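# Architecture and fold: a report
What follows is the residue order along each chain.
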Amino acid sequence: MNPQLKGIESLPGTYVFDLKRSAAGLRLNRFLHGLTQPEKRTLFKENPEAAFGKAGLDAEERRMVRELDWAAMIRYGASFFCLEKLGRVKGVSNPEMVAAFRGETLEQFLKTRNVPGAR
């Protein structure tokens, strides 16, 4: 194990994006990253099921994307950078996504931030 990761398992909600997790989420990450291509983005917006089928997503991967289950996708092995692609297509901001990771509403999450107007 990487010495920098020693004790990481004791931090709730922390998921190391390592080779094992990357491999597990490869198909999902390829689909999500593909949303940067106009034709794939259009297909997803117009016919998500066809986009899922073309990408070869399995039932669980489809469910996570359909439901925007951000926490499940990150645990599954989705890269945050790929999740951002889905967020842009669905109109979900990074703070909204991070709030969902934490099981909070956007308002609850913003109250934990030390930024003007967040409280």
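In this text the structure is predicted, and so the values were computed from the model without any measurement.

### Considering the pattern of salt bridges
In this structure the tally under the stated criterion is eight salt bridges. Taking the shortest distance from any N to any O, the salt bridge between Arg27 and Asp58 comes out at 3.3 Å. Pair noted here: Arg27 is in helix α2 (residues 26-34) and Asp58 is in the loop between α4 (48-55) and α5 (59-66), with a separation of 31 residues, a long-range link. For Arg27, a relative accessible area of 36% corresponds to the partly exposed category. Each of Glu60, Arg63, Glu67 and Asp69 takes part in one network of salt bridges that share partners.

### Observations concerning the side chain of Glu61
By the secondary structure assignment, Glu61 is in helix α5. Glu61 gets classed as buried once you look at its relative accessible area, which sits at 0%. A polar side-chain atom of Glu61 sits 2.8 Å from the main-chain amide nitrogen of Asp58. Dropping the residues within four chain positions of it, Glu61 is found in contact with Arg27, Leu28, Gly56 and Tyr76.

### Quick notes on the packing of aromatic side chains
The tally for this structure, following the rule as stated, stands at five aromatic pairs. Ring centres 6.0 Å apart and planes at 50° place the aromatic pair Phe44 and Phe52 in the tilted group. Comparing Phe44 with Phe52, the two get one shared label, buried. Counting every residue linked through ring pairs, the aromatic cluster contains Phe31, Phe44 and Phe52.

### Brief notes about the nonpolar core
In terms of nonpolar packing, the biggest core is built from 21 residues, with Phe31, Leu32, Phe44, Val65, Met73, Leu83 and Leu86 touching the most fellow members. Secondary-structure elements contributing two or more residues to this core are α2, α4, α5, α6 (70-76) and α7 (80-90). The residues touching Met73, leaving out its near neighbours within four places in the chain, are Leu28, Met64, Val65, Leu68, Ala78, Leu83 and Leu86.

### Observations concerning the packing of α2 against α5
Where α2 contacts α5, the two axes come as close as 11 Å, and the packing angle between them is 40°. Taken together, the axes of α2 and α5 lie oblique to each other. Crossing handedness for the pair α2 and α5: right-handed. Along the contact surface, α2 presents Arg27, Leu28 and Phe31, while α5 presents Glu61, Met64 and Val65. Residue composition of the contact of α2 with α5, grouped by class: four nonpolar, no polar and two charged.

### Examining α7
Those residues of α7 that fall on the buried side of the exposure criterion are Cys82, Leu83, Glu84, Leu86, Gly87 and Val89. If you follow the buried residues of α7, they end up packed against α2, α3 (38-46), α5, α6 and α8 (94-101). Looking one or two places after α7, you find Gly91, whose phi comes out positive at around 75°.

What counts as what
Residues numbered from 1 in each chain as written. Predicted model: local features only at pLDDT ≥ 70, side-chain atom pairs only at ≥ 80, totals over all residues. Heavy atoms only, no water. Salt bridge = Lys/Arg side-chain N within 4 Å of Asp/Glu carboxyl O. Helix = DSSP H or I, 4+ residues; strand = E, 2+ residues; numbered from the N terminus. Buried < 20%, exposed > 50% of the residue type's maximum accessible area, 1.4 Å probe, protein only. Polar contact = N/O pair within 3.5 Å; in protein donor to acceptor, adjacent residues only side chain to side chain. Contact = heavy atoms within 4.5 Å. Phe/Tyr/Trp six-rings, centres within 6.5 Å; stacked < 30°, edge-to-face > 60°. Core = buried A, V, L, I, M, F, W, Y, C linked by side-chain atoms within 4.5 Å. Axes fitted to C-alpha atoms, helices over the stretch in contact; angles between N-to-C directions. Parallel < 35°, antiparallel > 145°, perpendicular 65-115°, else oblique. Left-handed = near helix turned anticlockwise from the far one by under 90°. Nonpolar A, V, L, I, M, F, W, Y, C, P; charged D, E, K, R; others polar.

Remember, this is a structural readout, not a statement about activity or role.
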